[in-house]
Amino acid sequence: MPIYAVKTTASQERTVADMIINREEPEIHAVLAPDSLTSYVMVEADDHRVINRVLEEIPHARSMVPGESNISEVEHFLSPTPDVEGIAEGDIVELIAGPFKGEKAQVQRIDEGKDQVTVELYEATVPIPVTVRGDQIRVLDSEER
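Predicted, not measured: the structure shown is a model, and the values here were computed from it. (Residues numbered from 1 in each chain as written. Predicted model: local features only at pLDDT ≥ 70, side-chain atom pairs only at ≥ 80, totals over all residues. Heavy atoms only, no water.)

Participant: How do you make sense of the side chain of Asp91 when you look at a structure like this?
Facilitator: Among the secondary structure elements, Asp91 is positioned in the loop between α3 (71-74) and β5 (92-95). A polar contact of 3.0 Å, which involves the side chain of Asp91, links it to the backbone nitrogen of Ala88. (Helix = DSSP H or I, 4+ residues; strand = E, 2+ residues; numbered from the N terminus. Polar contact = N/O pair within 3.5 Å; in protein donor to acceptor, adjacent residues only side chain to side chain.)

Participant: Explain the environment of Glu75 here, please?
Facilitator: Assignment of secondary structure puts Glu75 in the loop between α3 and β5. Along the chain, Glu75 and Glu13 lie 62 residues apart, while their C-alpha atoms are 18 Å from each other.

Participant: Got a minute to help me understand the sheet that holds strand β9 (residues 137-139) in this structure?
Facilitator: Strand pairing within a sheet occurs via backbone hydrogen bonds; the two strands may be parallel or antiparallel. Here we have five strands laid out as an open sheet, ordered β8-β7-β6-β5-β9, and antiparallel in their pairing. Each having just a single partner strand, β8 (129-133) and β9 make up the two edges of the open sheet. If you compare each strand with its neighbour and ignore which way they point, the axes differ by 45° on average. Here strand β7 (residues 116-121) pairs with β8 via five bridges, running antiparallel. By the bridge assignment, Thr118 is partnered in β8 with Thr131. (Pairing = 2+ DSSP bridges. Axes fitted to C-alpha atoms, helices over the stretch in contact; angles between N-to-C directions.)

Participant: When you look at the UniProt feature "domain: KOW" (unreviewed entry) in the protein in this model, what are you seeing that I'm missing?
Facilitator: Under the local residue numbering, the UniProt record ascribes the feature "domain: KOW" (unreviewed entry) to residues 86-113. Between the C-alpha atoms that bound residues 86-113 there is a distance of 15 Å. The span itself is 0% helix and 43% strand. (UniProt positions renumbered as here; feature names shortened; annotations may be inferred.)

Participant: For this particular structure, what's the right way to read the sheet that holds strand β1 (residues 3-8)?
Facilitator: One open sheet holds the four strands; their spatial order is β2-β3-β1-β4, and the pairing between them is antiparallel. This sheet does not close on itself; its edge strands, each paired only once, are β2 (28-32) and β4 (61-64). In this sheet, adjacent strand axes meet at a mean angle of 30° when their direction is disregarded. Pairing between β2 and strand β3 (residues 40-45): four bridges, direction antiparallel. When the sheet's bridge partners are listed, Ala30 is paired in β3 with Glu44. Helix α2 (residues 48-55) contacts β1, β2, β3 and β4 of the sheet and is inclined by roughly 160° relative to β4. (Contact = heavy atoms within 4.5 Å.)

What follows is the structure, given as structure tokens:
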């Protein structure tokens, strides 16, 4: 099944994807609007003519990119990257959510399976290990390390 790329207005990828899928065309099988791909939506369809027909009626859909792709070229958009990727033990992080929001801490342990990080708060008088989800921390700039 071929996959086609559709050029969209910037920041309107989700809107265009929703409008395409809401048309309920039997020849269109799937629509993908990955966050890492700006101004493009991937559409799986039987034929490019059906996409061109649908795009005429959808605002923010600019044009279809010539040519087609296959699943192997877009499958990296389908698997989510873990939140703890890019974080190393010893990194200085800032907690951006939860009861310790705004606190700085040092990473002690990383559990990639659970997508969790155990950190030790900096300003605490007694070192307390705190386990938080990977999306609740932000690695600080290298100047602050």
